[in-house]
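Close look at the chain arrangement
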Amino acid sequence: MPLSDRDYVRGKHPPNCTCKECTDKRLGKFLGEKPDKRRKDLQRTKPALLHAATPTRFLRKMWRTIPLGILKLFLSLLVIAGLVDIIRRGYILFTHQTDPIKNTIILLVEIGLWFWIVAILRSRRYKYRKPKFKLVLITVIAITLIGSFAGIEPLSSYKDNLFDSITNYFEERQAISEAAEIAEAETIIQETLKAERLTFELINKKRMLNGALPTKWDDELYRLSKAHTQAMSDRGELFHSPVDASYGENAWGGVGYSNYDYEELAEAIVNSWMSSPLHKAWILHEPLQTSVVSIIVTPNSQFASWTFWTGETGQGPELVRKIADEWRRETGESIPWINWLYMKGYLN
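What comes next is a walk through the structure. Just so you know, these numbers come straight off a predicted model, no measurement behind them.

**A look at the overall build of the protein chain**
Scanning the protein chain from terminus to terminus reveals 12 helices and 3 strands. The 348 residues of the protein chain split such that 30% are buried. Here the contacts in the protein chain between residues at least 6 apart in sequence split such that 62% fall between residues at least 24 apart. Taken as a whole, the protein chain presents about 24,000 Å² of accessible surface, with 61% of it coming from carbon and sulfur.

Shown next, in the form of structure tokens:
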């Protein structure tokens, strides 16, 4: 069709005309403003919009130009540094070295940011990129250790402070443990002394109830008795001093005797001796003037000795003399006295 025959050239525009004038008119009716005014407004606002979006677009563009490997390395280092700072701040809060409210808020914000960065690292964009997080972590630890032991500050100072803190902690724990052991040992010693004195008093009461005078305490005899009881504890068995020794004793105890307090212990020892005819005969032997009681307590055993000077025994209790004569007749002293007593059932 020749140009002269077209409607819009002849000034007649059909309803569906797409010329510039008709298009502007239709847009003006739709947008509610004249085409010229709309065009001027667009020209006036477009530079401002472009100017406002320029910094964000620029930063996005710069961020996208950085290789993903470098970005992942940066984020991995942020995760490691954030974790270290969270631990440090948590320790400071736990030891009450700073304002609790302020640092608690900071700690919560750090934890939130840390999880956010971890989520970014675990996203599809970075998850399968190199370098791997484990490799970054191992590298950072290795560099930190090398730097700290090479004397590079402040890593060297941090290392020294850490080692000092660990050493002080274990020294304090050891000191506390030793102090507790000393206190426990002191308690056992005091309880043992009470048990020895109580046993001594109970024996004297038994003597007085049977018409014999109470015996007196002797420190030298106590030293000998204590050594004998300690020897029984070390060997884990009962035995008596030699026949020609200057002292003799009733012995009690063994492994497993460890469930008594000092009052129960004293009563158990005296009741055991008083239920044995031979031990009872020595306890009630009237010529005796001096005696002591010694006790040794260990975590799994208790041993005791009631010791007297043999020079004060005279001929000894009548029951003991009769049994001794029987021992000589039967064995000719070929079997040790104590062993024979156990064989005959006089000791149990």
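**Some words on a nonpolar patch on the surface**
Taken together, the side chains of Phe133, Leu137, Ile141, Leu145, Phe149, Leu162, Phe163, Ile166, Tyr169 and Phe170 define a hydrophobic patch exposed on the protein surface, amounting to about 970 Å² of accessible area. Of all the secondary structure elements, the ones that give two or more residues to the nonpolar patch are α6 (133–149) and α7 (155–209). Considering the arrangement of structural elements, one finds Leu145 in helix α6. Here Leu145 falls in the partly exposed class, since its relative accessible area comes to 46%.

**Thoughts on the pairing of strand β3 (residues 301–309)**
Of all 9 residues in β3, 8 are buried, a share of seventy percent or more. In the sheet, strand β1 (residues 247–255) pairs with β3 via 9 bridges, with the strands oriented antiparallel. By the bridge assignment for β3, Asn250 is matched with Trp306. Where strand β2 (residues 291–298) and β3 come together, 8 bridges link them in antiparallel fashion.

**So, the packing of aromatic side chains**
We describe a pair of aromatic rings using the distance from one ring centre to the other and the angle between the two ring planes. In the structure shown here, the tally under the stated rule is 8 aromatic pairs. Aromatic pair Tyr169 and Phe170: ring centres 5.4 Å apart, planes at 80°, arrangement edge-to-face. Given the relative accessible area of 46%, Tyr169 is considered partly exposed. Given the relative accessible area of 53%, Phe170 is considered exposed.

**Some thoughts on the environment of Lys194**
By the secondary structure assignment, Lys194 is in helix α7. Residue Lys194 is classed as partly exposed on the basis of its relative accessible area of 42%. Counting along the chain gives 72 residues from Lys194 to Ala266, while the straight-line C-alpha distance between them is 8.9 Å.

**Brief notes about helix α4 (residues 100–121)**
Between its terminal C-alpha atoms α4 stretches 31 Å, which fits the 32 Å expected from 22 residues at 1.5 Å a residue. Looking at α4, one finds that the buried residues are Asn103, Leu107, Glu110, Trp114, Ile117, Val118 and Leu121. Seen from one end, α4 has its buried residues packed into an arc of 100°, which puts them on one side. For α4, exposure combined with an orientation more than 90 degrees from the buried face picks out Ile101, Ile105, Leu108, Phe115 and Trp116. Packing partners of the buried residues in α4 comprise α3 (68–94), α5 (124–127) and α6.

**As for the packing of α3 against α6**
Between α3 and α6, the least distance of the axes is 10 Å, while the angle of their chain directions is 60°. Comparing their axes, α6 and α3 come out oblique. In this structure, the crossing between α3 and α6 has a hand that is right-handed. From α3, Leu73, Ser76, Leu77, Val79 and Ile80 reach across to α6, where they touch Phe133, Val136, Leu137 and Val140.

**Let's talk about the nonpolar core**
Counting residues in hydrophobic clusters, the biggest one holds 26 residues, and the most contacted among them are Ile203, Ile269, Trp273, Ile283, Ile295 and Trp306. Secondary structure elements with two or more residues in this core: α7, α9 (262–274), α10 (277–283), β2, β3, α11 (318–331) and α12 (337–344). Of the residues forming this core, the biggest block, 5 residues, is contributed by α9. Among all residues touching Ile283, those that are not within four sequence positions of it are Ile203, Arg207, Asn250, Trp273, Met274 and Trp306. Membership of the second largest hydrophobic core comes to 12 residues, among which are Val79, Leu107, Trp114 and Val118.

Scoring rules and cut-offs
- Positions within a chain are numbered from 1, following the residues in the order the chain's sequence is written.
- With pLDDT at 70 or above as the cut-off, local features in this predicted model cover only qualifying residues; side-chain atom pairs require 80 or more to be listed or tallied, and sums for whole chains, interfaces and linings still use all residues.
- Excluded from the side-chain calculation are hydrogens and water; included are all heavy atoms of the structure.
- Think of it this way: any DSSP run of H or I at least four residues long counts as a helix, any run of E at least two long counts as a strand, and we number them from the N terminus.
- Three labels apply to residues, based on accessible area from a 1.4 Å probe with only protein chains included: buried if under 20% of the type maximum, exposed if over 50%, partly exposed otherwise in between.
- Residue contacts are counted whenever heavy atoms from the two residues lie within 4.5 Å of one another.
- All accessible areas in this document rest on Shrake-Rupley with a 1.4 Å probe, and a residue is counted as covered only by the protein chains that are shown.
- Candidates for patches are residues over 30% relative accessible area with no salt bridge; among them, like charges are joined within 9 Å and nonpolar side chains (Val, Leu, Ile, Met, Phe, Trp, Tyr) within 5 Å.
- The salt bridge definition used is simple: a Lys or Arg side-chain nitrogen within 4 Å of an Asp or Glu carboxyl oxygen.
- When DSSP finds two or more bridges between a pair of strands, those strands are recorded as paired.
- Stacked, edge-to-face and tilted are the three classes for Phe, Tyr and Trp ring pairs, Trp counted by its six-membered ring, which pair at centre distances within 6.5 Å; planes under 30 degrees apart are stacked, over 60 edge-to-face, the rest tilted.
- Multiplying 1.5 Å by the helix residue count minus one yields the expected span of that helix.
- By construction, the arc corresponds to the directions joining the helix axis to the C-beta atoms.
- Only the stretch in contact is used when fitting a helix axis, every axis being a line fitted to C-alpha atoms; angles between N-to-C directions are given from 0 to 180 degrees.
- In what follows, roughly perpendicular refers to angles from 65 to 115 degrees, roughly parallel to angles under 35, roughly antiparallel to angles over 145, and oblique to any angle outside these ranges.
- Crossing handedness is defined as follows: a turn of the near helix away from the far one that is anticlockwise and smaller than a right angle gives a left-handed crossing, while the clockwise case is right-handed.
- By convention a nonpolar core is built from buried Ala, Val, Leu, Ile, Met, Phe, Trp, Tyr and Cys residues, the set being connected through side-chain atoms within 4.5 Å.

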